[in-house]
Amino acid sequence: MAGRIIAIGDIHGCLEALDTLLNAIQPDKSDSLILLGDFVDRGNNTAGVLDRLIDLRERCFLFPILGNHDELMLDVINGQTWNLGKWLMYGGQQTMTSYGTDAVADIPKKHVEFLQSCISYCETEHHFFTHAGYQENKPLANTDSTVLRWESLKIRIPGPHISRKMAILGHTAQKNGKILYQGHLLCIDTYCYGTGCLTAFEAQTGEYWQADKTGLLLNHSHFRVKLE
Ligand SMILES: [Mn+2]
């Protein structure tokens, strides 16, 4: 990866925040954007967010990681009708409203294909990226998807990973809107759909950008992390 390595936290249907960050970042062909998952649900424009992410594949290297919400939506689309009520309750209702339909079958095929193309984790030379969690002593390739997509840092903050790389995670909403930094671990889900913001974080330099769900750019600064 020659260009920037920029992770983006849980978008949750917040298109204005995403657009503001993309406008500030101006990703180009040399950049890698690692999306930490939970693109869908809760915010008001999941349909618009997925359109934007699909277009983004033409602009830069895109590594979209599947979040638990994205997985649940896919499960429902794939016929797990017993999960429909649960999904709608956890923000799927806002997703369906963004499509202007009550029928899961109306969700565009290209959106379904995008979600199906998502990966479970991503690794670079000094960092690794998952939606939610990891196990200290297990290579990511052998880690259960439940841990990768569902484990909350509110229950337990894992220690340093066996790879000695720094973890960059989403999923556990930091309701104060601030990046959580624990030395070996960063969480950049800063509660965009609520009263926080969406965070983009350049892993090599600590440069970061934050925008709220109305599209206001709140911060563009440098985060001090010890990098190797
Ligand atoms: Mn999540």
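Residues numbered from 1 in each chain as written. Predicted model: local features only at pLDDT ≥ 70, side-chain atom pairs only at ≥ 80, totals over all residues.

Asks: Even after reading the chapter, I still don't get the environment of His184, so can you show me in this structure?
Replies: As for its position among the elements, His184 is in the loop between strand 7 (180-181) and strand 8 (185-187). Here the alpha-carbon distance between His184 and Asp41, two residues 143 residues apart in the chain, equals 29 Å. Look past the residues within four positions of His184 in its chain and what remains in contact with it is Pro160, Met166 and Ala167. (Helix = DSSP H or I, 4+ residues; strand = E, 2+ residues; numbered from the N terminus. Contact = placed C-beta atoms within 7 Å.)

Asks: In this structure, what is going on with the pairing of strand 3 (residues 61-64)? I would like to understand it.
Replies: If a strand is regular, its side chains alternate between the two faces of the sheet. Sheet topology places strand 2 (residues 32-35) next to strand 3; four bridges connect them, and they run parallel. What sits directly across from Leu33, in strand 3, is Leu62. Assessed by its sense of winding, the connection that carries the chain from strand 2 through helix 2 (residues 46-56) to strand 3 is right-handed. (Pairing = 2+ DSSP bridges. Right-handed = clockwise from strand over helix to strand, strands pointing away.)

Asks: Can you walk me through the nonpolar core in this structure?
Replies: Considering soluble globular proteins, one finds that nonpolar side chains tend to be buried as a cluster. Counting 57 residues, the largest nonpolar core has Ala7, Ile34, Ile168 and Phe201 as its most contacted members. The dominant element in this core, judged by the number of residues it contributes, is helix 1 (residues 15-25), at five residues. (Core = buried A, V, L, I, M, F, W, Y, C linked by C-beta atoms within 7 Å. Buried ≥ 20, exposed ≤ 12 C-beta atoms within 10 Å, placed from the backbone.)

Asks: How do you make sense of unusual backbone geometry when you look at a structure like this?
Replies: In most cases, non-glycine residues show a negative phi, while peptide bonds are predominantly trans. Here His12, not a glycine, exhibits a phi torsion of approximately 45°, which is positive. Examined against the element boundaries, His12 turns out to sit in the loop between strand 1 (5-8) and helix 1. Look at His12 and you get buried, because 30 C-beta atoms sit within 10 Å. Its identity is not glycine, yet Asp38 carries a phi of approximately 60°, on the positive side. Relative to the helices and strands, Asp38 resides in the loop between strand 2 and helix 2. Here Asp38 falls in the buried class, since 30 other C-beta atoms lie within 10 Å of it.

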